[in-house]
Number of protein chains: 2
Amino acid sequence: MPRQVDHEARRRQLTEALLRIAGTRGLQAVSMREIAAEAGVSLRVVQYYFTNKQALLESGLTELGARIDRRLKERVTAAAGELTPRDVFAAVLRTILPFDEQSRLDSMAWTAYYTVALTDPALAAVGLTLPNALENVLTARLTAAQQAGHITPDRDPRTEVAGLLALANGLTSSVLSRQRSYEDAVKIIHYHLDRLFGPAAV
Amino acid sequence: MPRQVDHEARRRQLTEALLRIAGTRGLQAVSMREIAAEAGVSLRVVQYYFTNKQALLESGLTELGARIDRRLKERVTAAAGELTPRDVFAAVLRTILPFDEQSRLDSMAWTAYYTVALTDPALAAVGLTLPNALENVLTARLTAAQQAGHITPDRDPRTEVAGLLALANGLTSSVLSRQRSYEDAVKIIHYHLDRLFGPAAV
DNA sequence: CTAGTTAGGGTACAGGTGTATCCATTCGAG
DNA sequence: CTCGAATGGATACACCTGTACCCTAACTAG
């Protein structure tokens, strides 16, 4: 075999360039040539490692989902050990919000993808798996927490989780548009967690 | 003066065509020629009544805001009279969600606009006035309701309102992506209103 | 050493984009 | 009746888009 190149690395490089553009200038600014320029390669290379623009876009969404998933796992297991259920939820919801420059860029890109997914079934399939999985995992956690007596029995775990995730999504929007600061959004989250789990479990 | 045409009507006709496209196929599908086709006129007419594509887009966002505002006022004042504060909030939040085909289309268009506004300062200015105004009006209402004893004094009206609006926005997203039905979203809203105002005020 | 595959530079093509221009009609004011 | 402004049809332009193709290096298995 002749000259071998690490395809996986090349594709990651291109996908990251794509997400950088989507996060700063939006998905409408993403074109084959822009990606090539951002990655510092020629148009041909982009074509060589991705058959389609569609394939490239799907790769971007997949990577985005993987990043968020990775961040969630890192930040939840990081402060593991003697974590109360409330702490777990706080960590997850804080991680969903754009908390630093990188996660702001990713949230921007995610929002852009979500919007085009509303009119593009192919992307919708890829983009809905993460939110659904998250809702299920958290519902299971909250149900367990309820049985352990951490929240009162009159709460409905699935409804609570759906509400908290919708809240986090809505807050993300307002943080991205700079209508609200990250810190204010976190306060609102904690305010709701207080209501759910009872006063702050310092 | 020669043949006079109702400019206002023409522009409305074109703006509505624009919003129909944005609501069904997304903002990325909006082009001068598509608008012309959707409105049943020639490209020249679109150019004649709007100097720019930018002007057209801004007109679309303005109209969208006006529609939502109109709907809010209709549905709130409709069941006026002996409305409890809780009923007012329920009406507002239910109106934000996509509750019929028309409001679903508008919500789609709104989401599309919101996303491009994140990377387009000109649109951001237009698009943020409505949410901010709404938050202020509702905060005033809730503060008054608190003084009248409809909610307990330990609640913070501004935080509650911000949370409820973020919740409604997040739920709108999930309804648009058909992750959740409108009815389920309404249930979650009422669930939270119960917590805020106390058990259902029949 | 050589054949053959992988990797990419360069360029072309068909189609869509916003915008500008040319021109014909329409019609009311004088 | 006529002149000129309002309205809009038709077309052109320059640019950007995704994709396809040609051809040359590079390199390794034989």
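As a reminder, the structure under discussion sits directly above these lines.
The structure reproduced in this document is the subject of the present report.

Cut-offs and rules
Residues numbered from 1 in each chain as written. Chains lettered and ligands numbered in written order. Predicted model: local features only at pLDDT ≥ 70, side-chain atom pairs only at ≥ 80, totals over all residues. Heavy atoms only, no water. Contact = heavy atoms within 4.5 Å. Buried area = accessible area lost by both parts, 1.4 Å probe. Salt bridge = Lys/Arg side-chain N within 4 Å of Asp/Glu carboxyl O. Polar contact = N/O pair within 3.5 Å; in protein donor to acceptor, adjacent residues only side chain to side chain. Axes fitted to C-alpha atoms, helices over the stretch in contact; angles between N-to-C directions. Helix = DSSP H or I, 4+ residues; strand = E, 2+ residues; numbered from the N terminus. Parallel < 35°, antiparallel > 145°, perpendicular 65-115°, else oblique. Nonpolar A, V, L, I, M, F, W, Y, C, P; charged D, E, K, R; others polar. Phe/Tyr/Trp six-rings, centres within 6.5 Å; stacked < 30°, edge-to-face > 60°. Buried < 20%, exposed > 50% of the residue type's maximum accessible area, 1.4 Å probe, protein only. Lys NZ or Arg CZ within 6 Å of the ring centre and 35° of its normal.

Turning our eyes to something else, we now look at the interface of chain B and chain A. With 38 residues of chain B at the interface, the matching set in chain A holds 38 residues. Summed over both partners, the interface of chain B with chain A buries about 3,000 Å², with 59% contributed by carbon and sulfur atoms. Looking at the side of chain B facing chain A, the largest losses of area belong to B:Leu118, B:Gln179 and B:Tyr191, adding up to 18% of the total buried there. Summed over the shared surface of chain B and chain A, the result is four salt bridges. A salt bridge links A:Glu135 to B:Arg180; its shortest N-O distance comes to 3.5 Å. Linking chain B with chain A are 13 residue pairs in polar contact (both at pLDDT 80 or more).

With that settled, consider the packing of helix H9 (residues 182-197) of chain A against helix H8 (residues 157-176) of chain B. The contact between H9(A) and H8(B) brings their axes to 10 Å, and the two run at 95 degrees. Classed by the angle they form, the pair H9(A) and H8(B) counts as roughly perpendicular. Contacts between H9(A) and H8(B) pair A:Ile188, A:Tyr191, A:His192 and A:Arg195 from the former with B:Thr159, B:Glu160, B:Ala162 and B:Gly163 from the latter. Looking at the contact of H9(A) with H8(B) residue by residue, the classes come out as three nonpolar, three polar and two charged.

On to the packing of aromatic side chains, then. Residue and element names in this part refer to chain A. All told, the structure shown has four aromatic pairs over all chains when counted by the stated rule. Both rings, one in Tyr48 and one in Tyr49, keep their centres 5.1 Å apart while their planes meet at 80 degrees; by these two values the pair is edge-to-face. Relative accessible area serves as the criterion here: at 52%, Tyr48 is assigned to the exposed category. On the accessibility criterion, Tyr49 (9% relative accessible area) is buried. Taking the ring centre of Phe50 as reference, the NZ or CZ of Arg11 above it sits at 4.8 Å.

Don't take any of this as a statement about function, it's just geometry.
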